[in-house]
Amino acid sequence: MRGAARLLVATLGLALAAALTRAIGELPAERPSQAVDLRPQVVAHLDQTGVSHPVTAVLLDYRGYDTLLEVAVLALALIALLVLAGARDARLCAPAGSPLLVSLARGLVPVVVLTGGYLLWAGAHRPGGAFQAAAVLAAGAVLLQLAGLMPAWASPGRWLRLGLMLGFGVFLGVAYGLLGRGALLDYPPQWAGALILLIETGLTLSLGLTLAGLFLFLTERRGRP
Amino acid sequence: MPAAYADPSAGLIVLPLAWAAAAFVLGPGRGGGMAVVALMGQCALALGLAVGVMQTGPRVHAVGGWGAPLGIDLAADGLTVLMLLLAQSVALAVAVYARGYFADHAHRAQGLWFWPQMGFLVAALNALFLSADLFNLYVTLELLGLAAVGLVAVGGAAGQMAAALRYLVVSLIASGAYLMGVALLYGAHGTVSLATLGPLLAAGSPRLADSLAAALMLAGLLAKTALFPFHAWLPPAHGRAPAPVSALLSALVVKAGFYLVLRLWLGPFAPLAAPAGPLLGALGAAAVLFGSWQALRTAHIKRLVAWSTVAQLGYLFLVFPLLDSGGQALAAAMLQAVAHGLAKAAMFAAAGVLVLATGRDTLDGLAGVASRLPVTLFAFGLAGVTLMGLPPSGGFLAKWLLIDAAFRAGQWGWVPVVIGGGLLAAAYVFRVLRQAFLLAPPAARFQPVPRRLEWTAFALAAASVLLGLRAGELLALLGADG
């Protein structure tokens, strides 16, 4: 029975792989004339988005609504984790920090914070932005915890909860505030750059806390004061 | 321009996101009252949107002011508005119920993060119903799936955890299949906007990439809807979750997948999807029979109601082979979706009360309930009337329209499935009622249950029955599609 099921899954998987290969092979190298090409449109409206990097323009302006919902997905992931963490009896123990790790963390974390700030600022005109900056900041927090310089988080207090939701709240507030111009997230061109920077700053903080939380809420040190 | 701030499509997404975030900041177990008030507002917004669509036809809201295909559009037509109305009204009733349910000492620990998760769940549903963009739909599916999985896990009993994990795996694989389809379509046509994609797919003969994309997306959505044979994750997930969660999942979340299949079927995939109609109908028929049969065999109340969901979802897919034969099949599907949504929320709410009162989730424990909890049992019975399809319920009208459509299309084979499914539904509903009317054993003890729980279940059940009397308005809304 089990063998037959495996055989079935393997056959289905192979068939899907073969069909995908063929379908992608059939696609013409150049898009046919009737297909839509968004790249010129993205570039053509770039001066109205307040940023000069097309990826940031797509993420926070053209398709900023997708990003808003993605931030909600990350918040939900953290809440689901809190649900699970509340149910755990035994928690993971971090290894005791060795002197080498401690001095490495002390030296590295300031650089990490600086890099995060730079990535946030750079997002407007080159690859970077809130998600990357937040990932770097979260890595710094994990490093501090592993080195034993920062305790793991038990359950989020009021300020931590506020910090976790701040970026999402700012983003949602801006999106709704611009509804007066006729549509959600309809940035006025002269304010777009500043508003996007405001949103990205909030997101850097909150996403950094969220990503760090995904690690820190499940970790607890034992045997040390 | 203060009027713009009351835009219903935007409000229906922003408002639940806002109260979900606020409930999280307020802290564990808090935010229920705010949720109820906000949901009342959402009901008003959905009604406003319904009136607007009836009067002036479908609406489009271009987020960011760009418009498709560069930006993302929100679109509302009759189909959208019907699902939005169902979602807001069921969510409001469940919120009222959940405030009572989680206030109970035994469930307080389960409800710690219920409110933010419910807010995100409702926001995801509304965003999904309104979205007119394939990639944005993927994001809403992710949000919906994650909220639903998290809600199944609340409380964290071992069985619940296993059910949640299984649900998570199915949900992720299904999302992956859907996303693969979106990627193929974007590669072939350079756009993910439904409105732009429709003419592109209709022009020229369909390529393998298009058909494969449609098949992958369809398979993913069917798994999320738990259509037979993808149903295995549903009974444990819906059976083990706390009652308010089960009500939300069974009444609303599984409908989202069905709604999308219907939306894509009637929209861009119309030229590609026709050959799959009989297959979907056959799977639906199998679901009706198999789900009902399992509901007849299980020993647990909530498991019985969950298997009944598997069966009732089958009816929704019976309409796909009949859609070409006129508008009645679509009306039948939407009436069934709305009637089942109300009835199933009522049934899980009632089942939650029964479990709370008897202290266990088995049919054997129900003896004597009839004299102690008459309102709850009446609610369960009324919801059962809708599932069986007795007049004047919404379920009766849906099944009537379905049989009518089958006769018109000359596809008589579906008729015995509809009638047989109704009889099986009667059998499993009477299993519960019969047990409840037995005399209680002398040692039986019943916990007191807040009145609020009983009456919310009753209100939902009554709505599902009375829906049959007001079906004209609902069908007119569908006609507003133009």
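Quick caveat, the model's predicted, so the values are computed rather than measured.

Draft legend 1. Up close: the overall build of chain B. In terms of helices and strands, chain B carries 20 helices and two strands. Dimensions along the principal axes, computed over C-alpha positions, put chain B at roughly 75 × 55 × 40 Å. Counting over 482 residues, chain B shows a buried share of 64%. Across chain B, the fraction of contacts at a sequence separation of at least 24, relative to all contacts at a separation of at least 6, is 80%.

Draft legend 2. Highlighting the overall build of chain A. Looking only at helices and strands, chain A has eight helices and zero strands in total. For chain A, the sequential pattern of α-helices and β-strands runs α-α-α-α-α-α-α-α. Buried residues in chain A amount to 37% of all 225 residues. In chain A, the share of contacts with a sequence separation of at least 24, taken over all contacts with a separation of at least 6, comes to 79%.

Draft legend 3. A look at the interface of chain B and chain A. Between chain B and chain A, the contact holds 54 residues from the first and 48 residues from the second. The set of elements that each furnish at least two residues to the side of chain B that touches chain A consists of helix 1 (8-26), strand 1 (59-63), helix 4 (114-130), helix 5 (134-153), helix 6 (158-189), helix 7 (194-202) and helix 8 (208-225) of chain B. At 11 residues, helix 5 of chain B tops the list of elements feeding residues into the side of chain B that touches chain A. When the residues that make up the side of chain B that touches chain A are grouped by side-chain class, the tally is 36 nonpolar, 15 polar and three charged.

Draft legend 4. Main features of the pairing of strand 2 (residues 72-76) of chain B. All names here are of chain B. Taking burial as the measure, the five residues of strand 2 include five buried ones, the bulk of the element. Judged by which residues are buried, strand 2 turns out to be covered on both faces: Ile-72, Leu-74 and Ala-76 on one side and Asp-73 and Ala-75 on the other are all buried. Bridge analysis of strand 1 against strand 2 gives five bridges, and the strand direction is antiparallel. Within the sheet, the bridge partner assigned to Ala-62 lies in strand 2 and is Asp-73.

Draft legend 5. A look at the confidence of the model for chain B. Residues and elements named next belong to chain B. On average, chain B scores 91 in pLDDT, and the residues at 70 or more come to 98%. Here helix 11 (residues 270-273) is the element of chain B with the lowest mean pLDDT, 80, and helix 4 is the one with the highest, 97. Interface confidence for the predicted complex, given as ipTM, is 0.93, next to a pTM of 0.94.

Draft legend 6. Here's a closer look at the nonpolar core. Ala346(B) and Ala349(B) are the most contacted members of the largest nonpolar core, which has 274 residues in total. In contact with Ala349(B), other than residues within four places in its own chain, are Tyr97(B), Ala243(B), Ala247(B), Leu453(B), Thr456(B), Ala457(B) and Leu460(B).

Draft legend 7. Here's a closer look at the packing of helix 16 (residues 374-388) of chain B against helix 18 (residues 414-437) of chain B. Residue and element names in this part refer to chain B. Contact pair helix 16 / helix 18: the axes reach a minimum separation of 9 Å and the direction vectors enclose 170°. With respect to each other, helix 16 and helix 18 are oriented roughly antiparallel. Of the residues in helix 18, those in contact with Leu-377, Phe-380, Gly-381, Gly-384, Leu-387 and Met-388 of helix 16 are Gly-422, Ala-425, Ala-426, Val-429, Val-432, Leu-433 and Ala-436. Its residues assigned to classes, the contact of helix 16 with helix 18 comprises 10 nonpolar, three polar and no charged.

Draft legend 8. Here's a closer look at unusual backbone geometry. All names here are of chain B. With omega at 0°, the peptide bond leading from Phe-228 into Pro-229 counts as cis. Within the fold, Pro-229 resides in the loop between helix 8 and helix 9 (234-240). Between Pro-391 and the following residue, Pro-392, the backbone shows a cis peptide bond with an omega angle of 0°. For Pro-392, the position within the fold is in the loop between helix 16 and helix 17 (394-408).

Draft legend 9. Representation of helix 7 of chain B in the model. Residue and element names in this part refer to chain B. Within helix 7, burial applies to Leu-194, Leu-197 and Leu-201. Viewed along the axis of helix 7, the buried residues span an arc of 60°, placing them on a single side of the element. Exposed residues on helix 7 whose side chains face more than 90 degrees from its buried face are Pro-199 and Ala-202. Where the residues of helix 7 are buried, they touch helix 5, helix 6, helix 8 and helix 11. Of the residues trailing helix 7, Gly-204 is marked for its positive phi of about 80°.

Draft legend 10. Region of the structure containing helix 3 (residues 78-103) of chain B. The end-to-end C-alpha distance of helix 3 of chain B, which contains 26 residues, comes to 38 Å, matching closely the 38 Å that a straight helix rising 1.5 Å per residue would cover. Among the 26 residues in helix 3 of chain B, 24 count as buried, and that is most of the element.

Draft legend 11. Expanded view of the packing of helix 14 (residues 328-358) of chain B against helix 20 (residues 471-479) of chain B. Residues and elements named next belong to chain B. Interaxial distance between helix 14 and helix 20 falls to 10 Å at its minimum, and their mutual angle equals 125°. Judged by the angle between their axes, helix 14 and helix 20 are oblique. Considering only the axes of helix 14 and helix 20, their crossing is right-handed. For the pair formed by helix 14 and helix 20, the contact residues are Leu-330, Ala-331, Met-334, Leu-335 and Val-338 on the first element and Ala-471, Leu-474, Leu-475 and Leu-478 on the second.

Analysis parameters
- Residues numbered from 1 in each chain as written.
- Chains lettered and ligands numbered in written order.
- Predicted model: local features only at pLDDT ≥ 70, side-chain atom pairs only at ≥ 80, totals over all residues.
- Helix = DSSP H or I, 4+ residues; strand = E, 2+ residues; numbered from the N terminus.
- Buried ≥ 20, exposed ≤ 12 C-beta atoms within 10 Å, placed from the backbone.
- Contact = placed C-beta atoms within 7 Å.
- Nonpolar A, V, L, I, M, F, W, Y, C, P; charged D, E, K, R; others polar.
- Pairing = 2+ DSSP bridges.
- pLDDT = per-residue confidence, 0-100.
- Core = buried A, V, L, I, M, F, W, Y, C linked by C-beta atoms within 7 Å.
- Axes fitted to C-alpha atoms, helices over the stretch in contact; angles between N-to-C directions.
- Parallel < 35°, antiparallel > 145°, perpendicular 65-115°, else oblique.
- Arc of directions from axis to C-beta.
- Expected span 1.5 Å × (residues − 1).
- Left-handed = near helix turned anticlockwise from the far one by under 90°.

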